[in-house]
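For reference, the chains in residue letters:
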Amino acid sequence: MLNPDGDWTKPGTMLALNSADNGVCRMGIFSSDEFTVADGKTLIDEEAGIRYAFDFSNPLPFELYTGEKIK
């Protein structure tokens, strides 16, 4: 969910953990123009401190990726 106390000049503060069970985030905030490739299905945004894990199963799931705060 969007963090109501977030600061748009600090992208890492804009998202908060979902407060409801099974909540999903329909928005992604990317701070950097380049990502670190951790493996074939994981990207890391070092500036925002977020790891994005993609699910490329067949058929594709409704939510293609999950984000996890790492800093």
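Before any of the text, the structure's been laid out above.
The written sequence of each chain sets the order in which its residues are numbered from 1. Local features in this predicted model are restricted to residues of pLDDT 70 or higher, and side-chain atom pairs are both shown and tallied only at a pLDDT of 80 or more, whereas totals for entire chains, interfaces and linings draw on every residue. To obtain the side-chain values, all non-hydrogen atoms of the structure were included, while hydrogens and water were left out.

## Description of the side chain of Thr 42
Tracing the chain through its elements places Thr 42 in strand β2 (residues 42-45). Relative accessibility thresholds used throughout: buried, under 20% of the residue-type maximum; exposed, over 50%; partly exposed, between the two (1.4 Å probe, protein chains only). Classification of Thr 42 as buried rests on a relative accessible area of 10%. Throughout, a contact is declared for two residues whenever any of their heavy atoms are within 4.5 Å. Excluding anything up to four places from it in sequence, Thr 42 contacts Thr 36, Val 37, Arg 51, Tyr 52 and Ala 53. A helix here means a DSSP run of H or I that spans at least four residues, while a strand means a run of E at least two residues long, and both kinds are numbered starting from the N terminus.

## A word on the pairing of strand β1 (residues 36-39)
Pairs of strands are assigned from DSSP output, requiring at least two bridges between the strands. For β1 and β2, the ladder comprises three bridges, and the chain directions are antiparallel. Bridge pairing in β2 links Asp 39 to Thr 42. The loop that links β1 with its antiparallel partner β2 comprises two residues.

## Here's the deal with the pattern of salt bridges
For this analysis, a salt bridge means a side-chain nitrogen from Lys or Arg found within 4 Å of a carboxyl oxygen belonging to Asp or Glu. Counting across every chain of the model gives one salt bridge. The salt bridge partner of Arg 51 is Glu 68, with a shortest N-O separation of 3.0 Å. Taken together, the residues Arg 51 in strand β3 (residues 50-54) and Glu 68 in strand β4 (residues 65-69) connect sequence positions 17 residues apart. Using a relative accessible area of 29% as the deciding quantity, one classes Arg 51 as partly exposed.

## Brief notes about the environment of Lys 41
Mapped onto the elements of the fold, Lys 41 is located in the loop between β1 and β2. Between the C-alpha atom of Lys 41 and that of Tyr 65, which follows or precedes it by 24 residues, the distance is 9.2 Å.

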